[in-house]
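Geometric and topological summary
Here is what each chain is made of, one letter per residue.
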Amino acid sequence: MRPPGPEDTDAVDRQWGDVGTLRQWLDQEQREPVRQVRMARVLAIGAAYGSAAEALNGALGLNPGPGTTHS
C-alpha cells in the first residue's frame, strides 16, 4: 500500500464530504442531548477499536496466554 499522493486528494475530499453529510443526518435525527450523543459516539469508536485490536492480537498470536485465537 502506498501513501496517499496529490492524485488522491479528490477521493479523500469526497470521503470526508460523505462523512460530513452522514453526521448532519445523524444530528438531525437525534432526540437526545448533544453531550450524551457525542459521548456515545466516542464510546462506540473506542469499542470498535478495541474489538479490532483484540482480533489482530488473536490472529497474530500476540497474546502469550491463549496464543492464536482468531483466524
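Up top is the structure.
Residues numbered from 1 in each chain as written. Predicted model: local features only at pLDDT ≥ 70, side-chain atom pairs only at ≥ 80, totals over all residues. Heavy atoms only, no water.

This part is about the overall build of the chain. Within the chain, the regular secondary structure consists of two helices and zero strands. Of all 71 residues assigned to the chain, the portion counted as buried reaches 7%. When the accessible surface of the chain is summed, it comes to about 6,400 Å², and 60% of that surface belongs to carbon and sulfur atoms. (Helix = DSSP H or I, 4+ residues; strand = E, 2+ residues; numbered from the N terminus. Buried < 20%, exposed > 50% of the residue type's maximum accessible area, 1.4 Å probe, protein only. Areas by Shrake-Rupley, 256 points an atom, 1.4 Å probe, with all protein chains shown as cover.)

A few words now on a nonpolar patch on the surface. Taken together, the side chains of Val12, Trp16 and Val19 make up a nonpolar region of the molecular surface, amounting to roughly 310 Å² of accessible area. You can see Trp16 is positioned in helix H1 (residues 9–29). Assessed through its relative accessible area of 62%, Trp16 is described here as exposed. (Patch = residues over 30% accessible without salt bridge, like charges linked within 9 Å, V, L, I, M, F, W, Y side chains within 5 Å. Salt bridge = Lys/Arg side-chain N within 4 Å of Asp/Glu carboxyl O.)

Before going further, it helps to spend a moment on the pattern of salt bridges. What the rule picks out here adds up to two salt bridges. Between Arg23 and Asp27 there is a salt bridge, with the nearest N and O atoms lying 3.6 Å from each other. Taken together, the residues span about one helical turn, with Arg23 and Asp27 both in helix H1 at a distance of four residues. The exposure class of Arg23 is partly exposed, given its relative accessible area of 46%. Between Asp27 and Arg41 there is a salt bridge; the shortest N-O distance is 2.9 Å.

Bringing helix H2 (residues 34–60) into the picture now. For H2, with 27 residues, the first-to-last C-alpha span of 39 Å sits near the 39 Å given by 1.5 Å per residue. Note on H2: the residue one or two positions beyond its end, Gly61, has a positive phi of about 70°. (Expected span 1.5 Å × (residues − 1).)

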